[in-house]
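Below are the chains, spelled out letter by letter.
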Amino acid sequence: MEDRTDTEPVLLSKHAKNLLRFLNLLPARMASHDNTRSTIVFFAVCGLDVLNSLHLVPPQMRQDIIDWIYGGLVVPRDNEKKCGGFMGCRAMVPKCEDAEILECMRKYQWGHLAMTYTSLAVLVTLGDDLSRLDRKSIVDGVAAVQKPEGSFSACIDGSEDDMRFVYCAATICYMLDYWGDVNKETMFQFITRSLRYDYGFSQELEGEAHGGTTFCALAALHLSGQLHRLDATTVERMKRWLIFRQMDGFQGRPNKPVDTCYSFWIGASLCILDGFELTDYARNREFILSTQDKLIGGFAKWPQATPDPFHTYLVFADWLSRVNLV
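If you're wondering where the values come from, they're calculated on a predicted model, not measured in any experiment.

Empty space among the atoms becomes apparent when a probe as large as a water molecule is rolled across them. Enumeration according to the criterion identifies one cavity of 30 Å³ or more in this entry. As a volume, the largest cavity reaches approximately 50 Å³. Around the largest cavity, the lining residues are Lys 82, Cys 83, Gly 84, Gly 85, Gly 111, His 112, Leu 113, Thr 116, Gly 141, Val 142, Val 145 and Ala 154. Contributing elements (two or more residues each) for the lining of the largest cavity: helix H5 (113-125) and helix H6 (135-144).

Shown next, in the form of C-alpha cells:
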C-alpha cells in the first residue's frame, strides 16, 4: 500500500461544514437516535470547537441550542425521586397547557447520565455560565443511581449499569465541581474489580476487556483523583495491553477489526497513563485518512463506510492536537 502520510490532506473546512449540518438537519437514517439527540448535538458542537470552528454557529443558533438543552432539564420536587439531570430528547415534554397531562408526564421525566454529561459539555462549550442549574439536584440524581457495588445506572429506573455510566458520573461531578453523596471509594472498587487478566477493563464485572471501557475506567479514576492508587506494575501492564491494540489504526479488542473511534479510546487512555508516545503516529494517521469522506466531509468507522458525527468528533478530539494530521 502506498504511504500517504505526507500527501493526504485533512479537509478541515469540509469536516466543519459536515458537523454544522448535523445541527440543522438529521438524515432519515438517524431517526432511531431521536431519544439521544443530546449526544448528536454534543458531537457536532464539541467537534466544531476542537476544529476552532465555533464561529460558524451564529449567535442566535448558539442561544437556541442552549435554550433547547435547558428544555430537557429535570428538577425533581422534594416529594419525588431524586432523578435530577438532563433528558436526551423532548418526547416527554408535551407542548400543551393541560395541567393534568403535564403532571402525568412528570412521572416519565428523569435525568439520564449520558445525556446529562453531554448536555453540560455543550452548555460549557457554548459559553453558558450554568447559572440556571441546581448543582446539588443534579449530583443528587447521580448519587441516586449508584449501585452498592459502585457502578452507576444510566437513570433512576429500567436501565443497565456499567463502566460507561461510571465515566459519565465522574465527568458530571468533575464539571460541576461537586461530588455530593457519590461514593468514590465504592466506585474505585468497582473499577479495579473490572480489570481483567490481560490488563484491560471490562464494561461490567466478569466481562471482556475493551478499549472503550478501559478509557472510561481510567478517565473516571483520573477525574475523581484516584489514578495514583494504581501501582506502577499494573500501569505498565495496562500500557502493554493498549499498545497491542494497534494494527495500523486501533482495535477495541483482540482479534477485532480496527475502527477510527479507538484512535480516541486507546489514544486517550495512553495519554492518561503517559504512554501515548509509544504509538505509531504515521500508520494510524494513514488509516484515519482512509475513512475520510472527501465529498461531504466527516469520518467513518471504516473505509468506504458512511461518515457520522460520532466518529468525526472522536477522530479530532484526541488526534488533531497530538498527531500531525494537517
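That was the structure; now back to the text.
With respect to the helices and strands, Val 57 occurs in the loop between helix H2 (37-50) and helix H3 (59-70). In sequence terms Val 57 and Gly 158 are 101 residues apart; their C-alpha atoms lie 36 Å from each other. Once residues within four sequence positions are removed from consideration, Val 57 is found in contact with Leu 20, Leu 23, Leu 48, Arg 62 and Ile 65.

Attention now goes to the pattern of salt bridges. A full pass over the atoms with the stated rule returns 13 salt bridges. A salt bridge links Arg 37 to Asp 34; the nearest nitrogen and oxygen atoms lie 2.2 Å apart. The exposure class of Asp 34 is partly exposed, given its relative accessible area of 32%. Through salt bridges with shared partners, a single ionic network connects Arg 77, Glu 80, Glu 103 and Arg 106.

The next thing to look at is the packing of aromatic side chains. Summed over the entire model, instances satisfying the criterion amount to 13 aromatic pairs. Between Phe 42 and Tyr 313, the ring centres sit 5.2 Å apart and the planes meet at 65°, which makes this aromatic pair edge-to-face. A residue pair is termed long-range when its members are at least 10 positions apart, and Phe 42 in helix H2 and Tyr 313 in helix H13 (residues 309-319) qualify at 271 residues. No difference in accessibility class separates Phe 42 from Tyr 313, as the two residues are buried. A ring pair is formed by Tyr 70 and Phe 86, whose centres lie 6.4 Å apart and whose planes are at 55°; its orientation type is tilted. Here Tyr 70, found in helix H3, pairs with Phe 86, found in strand S2 (residues 85-86); they are 16 residues apart in sequence, far enough to count as distant. The burial state of Tyr 70 is the same as that of Phe 86; both residues are buried. An aromatic cluster of three or more residues is present, and its members are Phe 42, Phe 43, Tyr 117, Tyr 167, Phe 215, Phe 264, Trp 265, Phe 310 and Tyr 313. Just above the ring of Trp 179 sits the side chain of Lys 184; from NZ or CZ to the centre is 4.5 Å.

So, how was this worked out
Here the residue numbering is sequential within each chain, running from 1 through the sequence in written order. Owing to the predicted nature of the model, reporting of local features is limited to residues with pLDDT of at least 70; listing and counting of side-chain atom pairs is limited to 80 or more, with chain, interface and lining totals taken over all residues. Each side-chain value is worked out from all heavy atoms of the structure, with water and hydrogens disregarded. Cavities and pockets were defined on a 1 Å grid built over protein atoms only: a cavity is a set of grid points that admits a 1.4 Å probe from which the probe cannot escape, a pocket is an open set flanked by protein on both sides within 12 Å along at least five of seven lines, and lining residues are those with an atom within 4 Å of any such point. Grid points are joined across faces, edges and corners, and a volume is the space filled by probe spheres set on the points. Strands are runs of DSSP state E lasting at least 2 residues, helices are runs of H or I lasting at least 4, and numbering of each runs from the N terminus. The criterion used for residue contact is that any of the two residues' heavy atoms lie within 4.5 Å. We define a salt bridge as a contact between a side-chain nitrogen of Lys or Arg and a carboxyl oxygen of Asp or Glu at a distance within 4 Å. For the exposure calls, accessible area comes from a 1.4 Å probe over protein chains only, and a residue counts as buried if that area is under 20% of its type's maximum, exposed if over 50%, partly exposed in between. A pair of aromatic rings is counted whenever rings of Phe, Tyr or Trp (Trp by its six-membered ring) have centres within 6.5 Å, and the orientation is called stacked for planes under 30 degrees apart, edge-to-face for over 60 and tilted otherwise. The rule for a charge over a ring is simple: NZ of Lys or CZ of Arg within 6 Å of the ring centre, and within 35 degrees of the ring normal.

Shape is all these values report; function is a separate question.
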